[in-house]
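The primary structure of each chain is shown beneath.
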Amino acid sequence: MTTPNEPLLSVQDLQKYFPVTKGLLKRQVGAVKAVDGISFDVFKGETLGVVGESGCGKSTMGRLVTRLLEPTGGKVLFEGQDITHMSQGRLRPLRRDMQMIFQDPFSSLNPRHTVGAIVGAPFRIQGIKTEHGTKKAVQEILELVGLNPEHYNRYPHEFSGGQRQRIGIARTLALKPKMIIADEPVSALDVSIQAQVVNLLEDLQNELDLTYVVIAHDLSVVRHISDRVAVMYLGKLVELADRKDLYESPMHPYTNALMSAVPIPDPARRNDRERIRLQGDVPSPLSPPPACRFHTRCWKAQAICKVEEPPLVELASRHQVACHFPEKVPQEAAEAVSA
Amino acid sequence: MSFLELKDLKIHFPTDDGLVKSVDGLTFSLERGSTLGIVGESGSGKSVTSLGILGLHKGGHARISGEIWLDGEELVSASQEHVRGLRGKKMAMIFQDPLSAMHPYYTVGDQIVEAYRIHHSVSKKVARKHAIDMLGRVGIPEPGRRVDAYPHEFSGGMRQRAMIAMALSCDPELLIADEPTTALDVTVQAQILDLMRDLQREFNSALIIITHDLGVVAELSDDILVMYGGKCIEYGAAEDIFYRPEHPYTWGLLGSMPRLDRERTERLMPIKGSPPSLINIPPGCAFHPRCPYSDRTQGKADTEVPALLETEGGHLVRCHLPREERRSLWENEIKPMLETT
């Protein structure tokens, strides 16, 4: 994939703190640091996968980037334009270029609207007139995502889960966006349907030259669909690399642990696998561990991990890691770190 | 006779829209100390089967026929009270969502104590000590303090552990786990799967694990049963299902799934269409509308329900295609496609 120098989406030190209030006066007693200073770029035509466990802030990140949530700090640049605190009115034209696919195909579609109304809504809201009318345009999109255009007047409950997810995808495609943020686009679907939707997303990307940010917890789906992958843990980016590098030589201990935890569908390998057993659960983002947030579960943690936060640095070509004791680091980079 | 035997079990639900044939003639057996994985998509009847074995459809409007033999006792014809007495001690279940399976008003300890005292006439104090022991066994830190916590005070992984502790508190001989790790993160899922494997070895219980995740099944199961439209369509040892599958649906499941242990494939091979509604199961072979090979059955696919036949040493397949054709399709077309990039 070619990567022109200008990123389509650029996220700089993005933060989102949700206040925790108490008592009658709603005094603020703390904050959930859902996203705590993450930076990355997304280039035109590529797919960035974002993985992490529940509570790591990956969905919040998606909603910040699309400005469904107001960031606490940092910057979001879309095509070089700062949209971090842009008003809804000025943001509206930009929404054509940036759309979102949601996880749950049951709650993300209005049950009282027909498919035609749902997929046609973007035209209505943006005040766009198409050559042969909205209905024709909607039917073309329905066909594009593999739905029967004659189902224009049906309601969401008449469709299966996989078909509803296609309706959701049709809606995001209505205005020919440049970028789509997909938050767990297949996790609510059956295995055989997941593959259909994954293939559809890939076909659409090739056909319409789309840029994707795919947020998912399933590491195998992310590997299949992404060009680059970001790993998040408790609001921080811990590793960001090209797909092949990340999956073949993960450097962050957390990424290693995640990979080894994925069950392998091969009965012969169940006994000879080296599995990294992490202790306990992800800590609460309300009071994340200080310094490196992974140190409470990390088997490589030493004194420094509890006092100093490791910065996200490029240790190999296009491979960024935030760890004091990364694994499989190329020799030169290791020397540079220790120097 | 095996420890658990199902013979032609049918569980049908009459509804206003028609008869829902959730389980339609299921036969299998399971020995102590071994694990059966039941795989299928939503609506394939796998959860209804597990509730049926536990007798949880009794007294409802389900129509149940066939036989369930547990340790020499027939359960379909047994009274509700009798089966209730077996639950907990003889057989127990781990549910998918521990938050809704546990009572929010009672502490975790109280709920384990209650289950334990139904089957053992011991004092509350002894039962509480047993509850603390069980929580410790499943890896909950500080069980002496945690025993007095409410379910909402536990994290997802801890709740699932507490539920496993509850299910195991009376040493059940048959344990059914219905999607035990689906709601959990991968790192926690790995912990729970390890735990279940260790505990099963320790207690030598029979384990049925129900899931849609082929990875989870491969980690735990000795035998695998693939369900589709309320019927078993393929059954065999785990190695048969993963290395020599013969049903096109099983091929489809394997092809739909991106795998971390292989080179990345450019393209997934999904099954077309979607799973059938159980009210309106397609005639003939239930899979025929989605099957790429249904035109090779001389018109039998949509008229005749194929029988579940043994192809080799305990490997059963329900398919009209001749055995040789299935094998050559797998060896020459499907397997190379799954393995190449």
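None of the values given here were measured: they were computed from a predicted structure. (Residues numbered from 1 in each chain as written. Chains lettered and ligands numbered in written order. Predicted model: local features only at pLDDT ≥ 70, side-chain atom pairs only at ≥ 80, totals over all residues. Heavy atoms only, no water.)

### Observations concerning the overall build of chain B
Spelled out, the test is: Numbering of helices and strands runs from the N terminus, with a helix taken as a DSSP run of H or I at least four residues long and a strand as a DSSP run of E at least two residues long. Under the scheme applied here, a residue whose accessible area is under 20% of the maximum for its type counts as buried, over 50% as exposed, and between as partly exposed, the area being computed with a 1.4 Å probe on protein chains only. In what follows, a contact means two residues having at least one pair of non-hydrogen atoms within 4.5 Å. Every accessible area reported is derived by Shrake-Rupley at a probe size of 1.4 Å, with residue values counting cover from the shown protein chains alone.
Summing up its helical and strand segments, chain B has 12 helices and 12 strands in all. Evaluated residue by residue, chain B yields a buried proportion of 55% over its 341 residues. Taking the intrachain contacts of chain B between residues at least 6 apart in sequence as the baseline, contacts between residues at least 24 apart amount to 63%. Of the roughly 14,300 Å² of accessible surface on chain B, a fraction of 49% belongs to carbon and sulfur atoms.

### Details of the overall build of chain A
Worth spelling out the cut-off: Only C-alpha atoms enter the radius of gyration, while the globule expectation follows 2.2 Å times N to the 0.38, with N the number of residues. In this tally Asp and Glu are treated as negative and Lys and Arg as positive; neither His nor the chain ends contributes. Charge placement uses NZ in Lys and CZ in Arg. For Asp and Glu, CG and CD serve respectively.
Looking only at helices and strands, chain A features 11 helices and 12 strands. Relative to the globule expectation of 20 Å for 339 residues, the C-alpha radius of gyration of chain A, 21 Å, shows essentially globular dimensions. Oriented by its inertia axes, the alpha-carbon framework of chain A measures out at about 65 × 60 × 45 Å. Residue burial in chain A is summarised as follows: out of 339 residues, 55% are buried. Pairs at least 24 residues apart make up 64% of the contacts formed inside chain A by residues separated by at least 6 positions. As displayed, chain A offers around 15,200 Å² of accessible surface, 49% of which is attributable to carbon and sulfur atoms. Treating the 41 positive side-chain charges of chain A as one cloud and the 39 negative ones as another, the clouds have centres 8 Å apart.

### Focus on the packing of helix α7 (residues 156–168) of chain B against helix α8 (residues 186–203) of chain B
All names here are of chain B. For clarity, the cut-off: Under this scheme, a helix contributes an axis fitted over its contacting stretch, all axes are lines through C-alpha atoms, and angles between N-to-C directions fall in the 0 to 180 degree range. Each angle receives one of four descriptions, namely roughly parallel if under 35 degrees, roughly antiparallel if over 145, roughly perpendicular if within 65 to 115, and oblique otherwise. Crossing handedness follows the turn of the near helix against the far one: under a right angle anticlockwise gives a left-handed crossing, and clockwise gives a right-handed one. Classes in brief: Ala, Val, Leu, Ile, Met, Phe, Trp, Tyr, Cys and Pro nonpolar; Asp, Glu, Lys and Arg charged; the others, Gly included, polar.
Running from amino to carboxyl end, α7 crosses α8 at an angle of 15°, the nearest separation of the two axes being 10 Å. The angle between α7 and α8 falls in the class roughly parallel. Considering the relative orientation of α7 and α8, their crossing is right-handed. In contact with Gly157, Gln160, Arg161, Ile164 and Leu168 of α7, α8 contributes Val188, Gln191, Ile192, Leu195, Met196, Leu199 and Phe203. Looking at the contact of α7 with α8 residue by residue, the class counts come to eight nonpolar, three polar and one charged.

### Concerning the UniProt feature "domain: ABC transporter" (unreviewed entry) in chain A
The condition that has to hold: UniProt positions are given in the numbering used here, feature names are shortened, and annotations may be inferred rather than shown by experiment.
Under the UniProt annotation, the feature "domain: ABC transporter" (unreviewed entry) is placed at residues 9–259 of chain A. With 36% helix and 28% strand, the stretch residues 9–259 of chain A has end C-alpha atoms that lie 28 Å from each other.

### Remarks on the nonpolar core
Inside soluble globular proteins, nonpolar side chains tend to come together where they are buried. Residue and element names in this part refer to chain B. Definition in use: Joining through side-chain atoms within 4.5 Å is the link that ties buried Ala, Val, Leu, Ile, Met, Phe, Trp, Tyr and Cys residues into a set, and such a set is a nonpolar core.
One finds Leu135, Ile164 and Met196 to be the most contacted residues of the largest nonpolar core, which totals 38 residues. Among the elements of the structure, β6 (91–94), α4 (108–119), α5 (124–137), α7, β7 (174–178), α8, β8 (206–211) and α9 (214–220) are those that each provide at least two residues to this core. Excluding anything up to four places from it in sequence, Met196 contacts Ile164, Ala177, Pro180, Leu207, Ile209 and Leu220.

### Digging into the domain arrangement of chain B
Rules: In this entry, domain limits derive from an automatic or database-based domain assignment.
When cut into domains, chain B gives domain 1 (100–171) and domain 2 (233–339). Distance between the C-alpha centres of domain 1 of chain B and domain 2 of chain B: 43 Å.

### What about the packing of helix α5 (residues 161–173) of chain A against helix α6 (residues 191–208) of chain A?
Residues and elements named next belong to chain A. Packing of α5 against α6 brings their axes to within 10 Å, and their N-to-C directions diverge by 20°. Relative to α6, the element α5 is oriented roughly parallel. Along this stretch, α5 crosses α6, giving a crossing that reads as right-handed. Only Ile193, Gln196, Val197, Leu200, Leu201, Leu204 and Leu208 of α6 make contact with α5, whose side of the interface consists of Gly162, Gln165, Arg166, Ile169 and Leu173.

### Notes on the confidence of the model for chain B
Cut-off, in case you're wondering: Confidence of the predictor at the level of single residues is captured by pLDDT, which takes values from 0 to 100.
Per-residue confidence for chain B gives a mean pLDDT of 90, with 99% of residues at or over 70. Reported confidence for the predicted complex is 0.85 by ipTM and 0.88 by pTM.

### Examining unusual backbone geometry
For Glu184 of chain A, which is not a glycine, the phi torsion comes out positive at approximately 50°. Along the chain, Glu184 of chain A falls in the loop between β7 (179–183) and α6. Since its relative accessible area comes to 8%, Glu184 of chain A is described here as buried. For Gln298 of chain B, which is not glycine, the phi torsion reads 55° and is therefore positive.

### Here we look at the environment of Ala62 of chain B
Residues and elements named next belong to chain B. Secondary-structure assignment places Ala62 in the loop between α1 (46–53) and β4 (63–70). Exposure remark for Ala62: the relative accessible area of 17% places this residue in the buried category. Not counting the four nearest positions on each side in its chain, Ala62 is found in contact with Ile11, His12, Phe13 and His57.

### Description of the packing of aromatic side chains
Residue and element names in this part refer to chain A. Under the convention used in this document: Stacked, edge-to-face and tilted labels apply to pairs of Phe, Tyr and Trp rings (six-membered ring for Trp) whose centres lie within 6.5 Å, assigned for plane angles under 30 degrees, over 60, and everything in between, in that order.
Tallying each qualifying case throughout the model produces seven aromatic pairs over all chains. A ring pair is formed by Tyr233 and Tyr254, whose centres lie 4.5 Å apart and whose planes are at 55°; its orientation type is tilted. Placement of the pair is Tyr233 in strand β9 (residues 228–233) and Tyr254 in helix α9 (residues 253–261), with a sequence separation of 21 residues. The same class applies to Tyr233 and to Tyr254, which are both buried.

### Section: the side chain of Asp178 of chain B
Residues and elements named next belong to chain B. The test is simple: Within this document, salt bridges are pairs made up of a side-chain nitrogen of Lys or Arg and a carboxyl oxygen of Asp or Glu, the two lying within 4 Å of each other.
Mapped onto the elements of the fold, Asp178 is located in strand β7. Here Asp178 occupies a buried position and makes no salt bridge, while the nearest side chain of opposite charge, Lys46, is found at 6.2 Å. Filtering out sequence-adjacent residues up to four positions away, Asp178 remains in contact with Ser47, Ser50, Met93, Ile94, Phe95, Gln96 and Ile210.

### Topic: the interface of chain B and chain A
Counted only if it meets this: Computed with a 1.4 Å rolling probe, the buried area is the accessible surface lost when two parts are put together, summed over both parts.
If you look at the interface, chain B gives 47 residues, while chain A gives 39 residues. Buried area between chain B and chain A, summed over both chains or domains, comes out near 4,000 Å², and the portion from carbon and sulfur atoms is 50%. On the chain B side of the interface with chain A, the three residues burying the most area are Glu219, Leu260 and Arg264 of chain B, jointly 19% of the side's total. Here chain B and chain A share three salt bridges between them. Between Asp194 of chain B and Arg277 of chain A there is a salt bridge; the shortest N-O distance is 3.0 Å.

### Quick notes on the sheet that holds strand β1 (residues 4–15) of chain B
Residue and element names in this part refer to chain B. For clarity, the cut-off: Any two strands are treated as partners once DSSP identifies two or more bridges connecting them.
Here four strands make up an open sheet; going across it, the order is β2-β1-β4-β5 and the pairing antiparallel. The sheet is open, and its two edges are formed by β2 (18–30) and β5 (73–74), each paired on a single side. Relative to β5, β4 is paired through two bridges, and the arrangement is antiparallel. Considered in β5, the bridge of Trp69 is made with Glu74. Against the sheet, α1 makes contact with β1, β2 and β4, and its axis sits at roughly 110° relative to β1, the strand it touches most.

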